[in-house]
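Spelled out from the first residue to the last, the chains are:
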Amino acid sequence: YALVGLFCRPGYEVLDFPCGSGYAWELLSPFGIQYEGRDIHELTLQYARAVYRDLGVAFNEGDLCVPNIRPDFYDTIACIEGLEHIEQEFQRWLIEAFFAGLKRGGTLIVSSPENPQGVSGPSPTNKDHLWELSRHDFITLLGRYFGSENVEIVSHQAILDPGGLTTCLYGVCHKK
C-alpha cells in the first residue's frame, strides 16, 4: 500500500477493492483521501466497520466478478491481492471496470503473483489463487485497456504461502 500512497492526494476519491480488514485505510488516511473499501466477505466488512467506524470511511460489499463501479469517479483504485482470486474470464471484465471507474488522469495499482510455471493458470501452490498470470499476460491485460505506454510494472519477491518465494507483479496504470 506504500505504492498506492504515492498516488493519493488530499481530497482524492480512492477505492480499495478488495479491502479485507481495512488496514489500508490506516496507511492511506494521512493523505487526506476519501476512502472506500469493498470486499465480498461480510464478516470481514463487519470487522472493518467496527474498527474504523468513527472515521468517516466507507466499507461496502462488492464482488470482483461483478464490480459495479461508478464510471469516471475515482482518482486512484487499488486492487492488491485480488486479481488472482478470480477466474480468468472475470479478470478482463474487472480491469475494464477499473478503467471505466477512473477519472481522466487517474491511476490503478493492481497486483498479481507471477505464476511460477511461466504460463498463466491456476496456482500450483495456493488453491485460493484461481488464475495467476505470467508477466507477459499481466502486461498484455493491463495494456489492453490503458495502452502499454501507460502501464509501468514493479516487481518484488515475497513469501505469500508455504510454496516459498513468489514474484509479485504490480501494475501502475495511468488513464490518459
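Up top is the structure.
Residues numbered from 1 in each chain as written. Predicted model: local features only at pLDDT ≥ 70, side-chain atom pairs only at ≥ 80, totals over all residues. Heavy atoms only, no water.

Novice: Could you clarify how one ought to interpret helix H5 (residues 135-146) in this entry?
Specialist: Three- or four-residue spacings in an α-helix give side chains the same orientation, since the helix completes a turn every 3.6 residues. Compared with the 16 Å implied by 1.5 Å per residue over 12 residues, the 16 Å span of H5 between its first and last C-alpha is a close match. Every buried residue of H5 is listed here: Phe138, Leu141, Leu142, Gly143, Tyr145 and Phe146. At the exit of H5 stands Gly147, carrying a positive phi of roughly 85 degrees. (Helix = DSSP H or I, 4+ residues; strand = E, 2+ residues; numbered from the N terminus. Expected span 1.5 Å × (residues − 1). Buried < 20%, exposed > 50% of the residue type's maximum accessible area, 1.4 Å probe, protein only.)

Novice: I'm lost on the environment of Phe73 in this one. Help?
Specialist: Here Phe73 lies in the loop between strand E3 (58-61) and strand E4 (74-79). Linking Phe73 and Tyr12, residues 61 residues apart in sequence, is a C-alpha distance of 9.8 Å. Phe73 has contacts with Glu13, Gly101, Leu102 and Lys103, leaving out every residue within four places of it along the chain. (Contact = heavy atoms within 4.5 Å.)

Novice: Would you take a moment to explain the packing of aromatic side chains for this structure?
Specialist: Note on aromatic pairs: each is described by the distance of the centres and the angle between the planes. Taken as a whole and judged by the stated rule, the model has 7 aromatic pairs. Aromatic side chains Tyr1 and Tyr23 sit 5.6 Å apart centroid to centroid with 85 degrees between the ring planes, which places their arrangement in the edge-to-face category. Within this pair, whereas Tyr1 is found in the segment before helix H1 (2-5), its partner Tyr23 is found in helix H2 (residues 23-28), the two being separated by 22 residues in sequence. Their ring planes at 85 degrees and their centres at 4.9 Å tell us that Phe73 and Tyr74 sit as a pair that is edge-to-face. Under the relative-accessibility criterion, Tyr74 is labelled buried at 2%. (Phe/Tyr/Trp six-rings, centres within 6.5 Å; stacked < 30°, edge-to-face > 60°.)

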